[in-house]
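Summary of the model geometry
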Amino acid sequence: VQLQASGGGLVQAGGSLRLACAASGSMFSINVMGWYRQAPGKQRKLVAVIARGGTTNYADVVKARFTISRDNAKNTVYLQMNSLKPEDTAVYYCTSRPYLLRPDGGYWGQGTLVTVSS
């Protein structure tokens, strides 16, 4: 599986950004697609994932501000990030895997940096 992410950048607090990630490869391994993020000095953590059928799982800290969606025909997942806060600053990693709630069997794309200035 290959994952190509795009859309990071610098934005002021309160602003919005949209990330995109296109996948190619095994359909089983891209049943679920989504995003994790890693802030400096911290562990990589779930942001949101979405299954092919549309079921989603969000981290509580982003649930009211971020929206994940996917275009199955294009094997592409999107993350619309609104009301961004400085604490959202991190490298965002695209992921794909077979199962919604299990991280095993996953693949990772290159990270894309999101910087939110105060």
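Up top is the structure.
Here we summarise the structure given alongside this text. Fair warning: this is a prediction, and the values are worked out from it, not measured in the lab. (Residues numbered from 1 in each chain as written. Predicted model: local features only at pLDDT ≥ 70, side-chain atom pairs only at ≥ 80, totals over all residues. Heavy atoms only, no water.)

**Section: the state of the cysteines**
Every disulfide links exactly two cysteines, by a covalent bond between their sulfur atoms. Rules: Two cysteine sulfurs form a disulfide in these notes if their separation is within 2.5 Å. In DSSP terms, a helix is any run of H or I states spanning at least four residues, a strand is any run of E spanning at least two, and both are numbered starting from the N terminus.
Under the criterion given, the structure shown has 1 disulfide. At a sulfur-sulfur separation of 2.0 Å, the disulfide partner of Cys21 is Cys94. What sets the handedness of the Cys21 and Cys94 disulfide is the S-S torsion sign, and at about -85° it is left-handed. Here the residue Cys21 occupies a position in strand β3 (residues 17-24), and Cys94 occupies one in strand β9 (residues 90-97), the gap between them amounting to 73 residues.

**Side note on the environment of Ala64**
The test is simple: Burial classes: relative accessible area under 20% of the type maximum marks a residue as buried, over 50% as exposed, and values in between as partly exposed (1.4 Å probe, protein chains only).
As for its position among the elements, Ala64 is in the loop between β6 (56-58) and β7 (66-71). Classification of Ala64 by relative accessible area gives exposed; the value is 82%. A sequence separation of 54 residues divides Ala64 from Leu10, and the C-alpha atoms of the two residues are 21 Å apart.

Scope: geometric values only; no functional claims are made or implied.
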